[in-house]
Amino acid sequence: MTGPRFVLAIVAAYGCGDPPARVALVPISVGDSACGRPKGANQLSITAFATSGQVTRAVGLGAPIEIADFPADTVQLGVEVLVGGGDTGAAGKTLPLDFGALDDGAAIPVMMAPPGGFCPVGALVEPRRGPLVARAGEGVLVVGGVGPAGPLSTAERYDPRTATFAPVDVPDALQDPVNGLAGAVLATLPDGRVVLTGGSRGLMAIYDPDSGQFGAAFAFAPPRAFHGAIATDGGLLVAGGCNGVAGQTCDALPLRSSFVYDLEGNTLATGPNLAPTAISEGAQLIDSGTDFILTGGFGNPGEASRFTLDDREAELVTGLGAQATLLDGGALFTAFAPDAAAKSGLVRVVAPGGGVAALGNGPALVGARLVTLEDGRVLAVGGDPDRIEQDGAARVALYDPTRDSWAFEFPAFTPADAPRAGDQPATLVAPAAIRLGDGSVLVLGGDAAPSQSAWIYRPSLVGPAAGSVTAVPASATSPAVLTASDPATLTRTPEWVLTAPDDALTARALVGGPRMQRGSVRAIVNVQAGGLALIAQQVTPGRALVAHLVPGEQARVEQLASGTVCTGDPVELPANPVTATLEVGDGITVRLGDTVVLACNERATDVGAWGVAADGAGSRIAVATVTVAR
């Protein structure tokens, strides 16, 4: 790591009489690249993201700053390099950290890049096209793909602290000189380990990021390839795929079966059968919080199987896009045609436990990949859009679920002395892309030929540790995102209105970014019919803290996973606009305007998302603003 050092004097978990710990925030550099270090920089803005709030300080470039008032429970630091009249030339966040345990003299790396732009990282150990990628602890495990000489049985790991790749030994039993690791699937476990299953050898091996090594490979029964796999509370859920690999594809008819493998007890439990025609090969298996969806792949593009582990048969879902990602609130966002098909702007969303909503068409892309960002937007990176403004440049499109709209970003090549100098990758088609712990996105390859190139894309710094976010959904310029769990419950014109079809709180919307245990949500709405609810600590659609405010009923706080927590006064909604607030700390308080309608000493302990809902069948609320604060 080279380049200027942003030096801070920090008081961490020291007593009042102890000297402050001095640490260095060090921008990560690759070779002699000036990317992320803009010319004309004159000031830094440093933000401490803490579980108790957010503090921002400005300091001259290279000057130390005393930040003894930064919260001791700081979990991340954000850095913005300001240029000219205060524009942000580069930005970055640290990985999550233990602020109180920082050692004096510690160097904390920060990957800096132009906002909405790319910077290169170190080259892959070997050229690859179409590798598998999975989060492994703080880093990323990269497996297989196709190299210049054919399919690869090799692996490597990306270290975000150094922005470099290092080789990872793959067990001999997994080595296949003909098929490589084609057909294998990666699944990240809650403890950061990664399970590799399937492929031509039908084996399983677990990668441990702490040791940087795979364990021994062992039999994976029943063997399969090109399946879906995801960690669950009961073990590793495996669904679909086929018996083996031939010529980089399935060697036989796809499989309808699924099972849950207990990694500790080495036992197998049979799961539901997949929908008859939606037997996907090379698909994504996604947990929406209410059910599992196996979608995408090259077996039956546009079709999916949706099921719970208690089902005998999965439900067939049709008309979907080939690429998929999970939105805030559990809805599955799908878009675009398969890579081998004609390009398409198709967009479909599958609501958690509900139906399929057709949204406005997106850009006509083929070969794009989707990643949900920390602020709630969706990044479509790569592909070949109809709208071409710069030949040879990577295309980036951002989808905003608040407004059902897309915005193109064409990060341009810029001269070395430009305020926002960045390095632009060549046209990206079918890249591998994955979100990192600092909120940035790692993008690998994407050329027709195997490539060693890799980049970091820098989105907004708004994330789980953000201190205060206000969404104004009807405003075209509001930077914050409010995502409806079920788009079918939302109308956007002339007002942003949630309408509840039933009593199941399906008409809810969550603010993108903050994920917290303690804090508040404050909504200003026009109640057009029925009541409203405030949502706190949502982990899944069925696991959240909800304050019910229904006229004529007692104010009530419910934990969806277990029942009523406490009750308060009968609710009489004031004249519109209605301001409602839910505060969760050592106790729970609910207000209508300045009037407390419920207060209790109960404490809730989940960390999750916050938002608002229409409460009760037929209820309808027009949302003006929603503010989430720590």
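As shown above, the structure is provided for reference.
Residues numbered from 1 in each chain as written. Predicted model: local features only at pLDDT ≥ 70, side-chain atom pairs only at ≥ 80, totals over all residues. Heavy atoms only, no water.

Asker: Would you mind going over the pattern of salt bridges with me for this structure?
Answerer: Side-chain pairing between opposite charges can occur once the charged atoms of the two side chains come close. Counted by the stated rule, this structure contains 17 salt bridges. A salt bridge links Arg306 to Glu315; the nearest nitrogen and oxygen atoms lie 3.2 Å apart. Since its relative accessible area comes to 7%, Arg306 is described here as buried. The residue Asp375 makes a salt bridge to Arg377 at a minimum N-O spacing of 2.9 Å. (Salt bridge = Lys/Arg side-chain N within 4 Å of Asp/Glu carboxyl O. Buried < 20%, exposed > 50% of the residue type's maximum accessible area, 1.4 Å probe, protein only.)

Asker: How should I be thinking about the nonpolar core in this particular structure?
Answerer: Side chains of a nonpolar character, in soluble globular proteins, are inclined to be buried together. Of all hydrophobic cores here, the largest spans 46 residues; its most connected members are Leu498, Val525, Leu549, Leu582, Val612, Ile621 and Val623. Within the second largest apolar cluster, 19 residues are counted, among which are Met111, Cys119, Phe165 and Leu442. (Core = buried A, V, L, I, M, F, W, Y, C linked by side-chain atoms within 4.5 Å.)

Asker: For this particular structure, what's the right way to read the environment of Pro167?
Answerer: Along the chain, the position of Pro167 falls in strand β14 (residues 164-168). Relative accessible area serves as the criterion here: at 62%, Pro167 is assigned to the exposed category. Distance in space between the C-alpha atoms of Pro167 and Gln213 is 9.8 Å, their sequence separation being 46 residues. For Pro167, the contacting residues outside a window of four places in its chain are Val125, Ala155 and Glu156. (Helix = DSSP H or I, 4+ residues; strand = E, 2+ residues; numbered from the N terminus. Contact = heavy atoms within 4.5 Å.)

Asker: Please clarify how the pairing of strand β17 (residues 203-208) should be interpreted in this entry.
Answerer: Looking down a regular strand, the side chains alternate between one sheet face and the other. Taken across its six residues, β17 has five buried, putting it largely inside the fold. As paired strands, strand β16 (residues 194-198) and β17 are joined by five bridges and run antiparallel to one another. Its bridge partner lying in β17, Leu196 is registered against Ala205. Between β16 and β17, which follow one another and run antiparallel, lie four residues, and Gly199 among them has a positive phi close to 90 degrees. Two strands pair when backbone bridges link them, and β17 and strand β19 (residues 218-219) are joined in this way by two bridges, in the antiparallel orientation. (Pairing = 2+ DSSP bridges.)

Asker: Can you help me understand the sheet that holds strand β10 (residues 139-143) in this one?
Answerer: The strands making up a sheet associate through backbone hydrogen bonding, with each pair oriented either parallel or antiparallel. Sheet architecture is open: four strands sit in the order β9-β10-β13-β14, paired in antiparallel fashion. Two strands bound the open sheet, and with one partner strand each, they are β9 (132-136) and β14. When strand polarity is set aside, the average angle formed by the axes of neighbouring strands in this sheet is 25 degrees. Sheet analysis places β10 next to strand β13 (residues 155-159), joined by four bridges and oriented antiparallel. Bridging across to β13, Val140 finds its partner in Tyr158. (Axes fitted to C-alpha atoms, helices over the stretch in contact; angles between N-to-C directions.)

Asker: Would you take a moment to explain the sheet that holds strand β4 (residues 53-60) for this structure?
Answerer: Strand order in the open sheet formed by four strands is β4-β3-β5-β6, and the pairing between neighbours is antiparallel. Sheet topology places β4 and β6 (87-93) at the edges, where each strand pairs with a single neighbour. Averaged over all neighbouring strand pairs, the angle between strand axes comes to 20 degrees, with direction disregarded. Taken together, the nine bridges between strand β3 (residues 41-50) and strand β5 (residues 74-83) define a ladder with antiparallel strand orientation. What sits directly across from Ser45, in β5, is Glu80.

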